[in-house]
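# Residue-level structural notes
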Amino acid sequence: AALRGLAAAPLAVPLLAAAPRPARAAEFELKYGNNLPMTHPLNTRASQAAERIARESRGRVEMRIFPNNQLGGDTDMLSQVRNGALTFFTPSALVIATLVPAAAINAVGFAFADYDQVWKAMDGKLGAHVRAAISRVNLFAFEKMWDNGFRQMTTSGRPIETARDMDGLKIRVPVSPLSIAMFKALGAAPASLQFSEVYSSLQTRIVDAQENPLPIIQVAKLYEVQKSCALSNHIWDGYWFIANGRAWRGLPADLQKIVSDAINDAGMQQREDIKTLNASLQTDLESKGLRFNSPAPDSFRAKLREAGFYAEWKGRFGDEAWGLLEEAVGRLA
Ligand code: X2X
């Protein structure tokens with residue numbers, strides 16, 4: 001099958017595969033790359049999906065996971081899933097937005113108040129809008145988005161209490177135009193770095209701060225190189241589970257159903273995992289030395305408004321997408 005040819009492309013690094021290989025090669029070898037350690041729920045649930053796919057397809061389909069940036073950073077994996085070297089990739093909405101600008105809509109600063117708003121929007125019209133945009137670049141996005149989480153800010157020095165504390169702060173953000181624009185509007189000095197470089201850039205003080213959801217701060221051990229964590233909830237971020245369009249269409253319908261059921265169900269369970277972790281992680285991270293504070297969002301929102309951030313991004317996303325976002329979260333700009 002076509003996919004077998006793709007699996008033999010030079011970009012394959014089978015020695016680094018996370019899953020053991022069965023004795024006989026499967027008819028369809030689906031390679032899935034991501035940027036997170038195996039201990040993150042994204043990977044534990046994807047591993048279970050891989051087992052289910054092997055079982056239900058009776059070995060015809062094998063999904064192999066390449067976690068933790070083994071195949072390169074997000075930018076590399078995005079081009080690999082486009083050219084077929086990877087079958088699947090889970091870019092954060094922030095990251096796929098470098099290719100599909102509409103996808104950053106869920107990451108508008110301080111938009112979502114809670115998970116009820118998030119999943120209603122992303123499983124509903126706003127998510128459908130983004131999936132359609134993703135399909136136009138010949139990638140297939142599965143129905144259910146996976147959770148990254150509400151992003152929080154950590155620093156190596158004093159805590160961030162109000163927007164004023166952002167002044168000149170050297171903060172790492174993902175490779176994402178929206179993140180750069182937002183942190184500039186807040187007065188900070190943001191730098192885009194691949195996730196694979198975050199720990200070392202904090203350790204060597206190339207940057208003094210970063211922002212990520214608590215589960216990532218834990219599995220990537222960022223508490224070892226950061227002191228304070230402001231529970232700012234400034235962005236809700238999720239992962240789109242995407243497939244190379246040609247590879248996806250090359251899979252027979254019965255196998256497509258097995259794969260998409262397994263992946264969507266795993267995504268729903270992964271959302272629950274993150275929810276559970278969010279409830280317990282603060283205590284755990286405190287015991288590892290991270291200090292927490294909960295800044296009120298008002299000063300941050302006001303600064304973004306004054307800087308024209310909402311007006312500018314409303315223009316960029318367009319009235320249709322912005323309208324769908326405001327339908328879910330209320331008026332923003
Ligand atoms: O790079 C990050 O900060 C991460 C892991 O949250 C994303 O994938 C955007």
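See above for the structure.
Residues numbered from 1 in each chain as written. Predicted model: local features only at pLDDT ≥ 70, side-chain atom pairs only at ≥ 80, totals over all residues. Heavy atoms only, no water.

Once that is clear, we can look at the overall build of the protein chain. Across its full length, the protein chain holds 13 helices and 11 strands. Taken against the 2.2 N^0.38 rule, which gives 20 Å for 333 residues, the C-alpha radius of gyration of the protein chain at 20 Å falls within 12% of a compact globule. Expressed along its principal axes, the backbone C-alpha trace of the protein chain runs to roughly 60 × 45 × 35 Å. Approximately 13600 Å² of the protein chain is accessible, and the part contributed by carbon and sulfur atoms is 52%. When the 38 basic and 34 acidic side-chain charges of the protein chain are each reduced to a single mean position, those positions are 4 Å apart. (Helix = DSSP H or I, 4+ residues; strand = E, 2+ residues; numbered from the N terminus. Rg over C-alpha atoms; globule rule 2.2 N^0.38 Å. Areas by Shrake-Rupley, 256 points an atom, 1.4 Å probe, with all protein chains shown as cover. Lys, Arg positive; Asp, Glu negative; His and termini not counted. Charge placed at Lys NZ, Arg CZ, Asp CG, Glu CD.)

For the rest of this paragraph, the subject is the site of the ligand. Around the ligand, a shell composed of Asn35, Ser92, Asn148, Arg151, Arg172, Pro174, Phe195, Asn212, Ile216, Asp237 and Tyr239 is seen. The side chain of arginine 151 places a nitrogen or oxygen atom 2.8 Å from an oxygen atom of the ligand. Note that an oxygen atom of the ligand is positioned 2.6 Å from one of the side-chain N or O atoms of asparagine 212. Surface burial for the ligand is 100%, taken as the share of its 270 Å² of free accessible area covered by protein chains. Elements supplying a minimum of two residues to the shell around the ligand: β5 (146-155) and β9 (228-239). (Near = heavy atom within 4 Å. Polar contact = N/O pair within 3.5 Å; in protein donor to acceptor, adjacent residues only side chain to side chain.)

Turning our attention to the pairing of strand β7 (residues 189-192). The pairing of strand β6 (residues 170-173) with β7 spans four bridges and is classified as parallel. Residue valine 173 lies in a different strand from β7, and its bridge partner there is serine 192. Taken together, β6, helix α7 (residues 177-185) and β7 constitute a β-α-β crossover, and its handedness is right-handed. (Pairing = 2+ DSSP bridges. Right-handed = clockwise from strand over helix to strand, strands pointing away.)

Moving on, we come to the sheet that holds β5. Hydrogen bonds along the backbone pair up the strands of a sheet, which may run parallel or antiparallel. As summarised here, the arrangement of the six strands in space is β7-β6-β8-β5-β9-β11, forming an open sheet in which the pairing is mixed. Edge positions in the sheet fall to β7 and β11 (291-293), since each of these pairs with one other strand and no more. Each adjacent strand pair in this sheet contributes to an overall mean axis angle of 40°, direction not counted. Pairing of β9 with β11 involves three bridges; the strand directions are parallel. Within β11, the position partnered with cysteine 229 by the bridge is phenylalanine 292. (Axes fitted to C-alpha atoms, helices over the stretch in contact; angles between N-to-C directions.)

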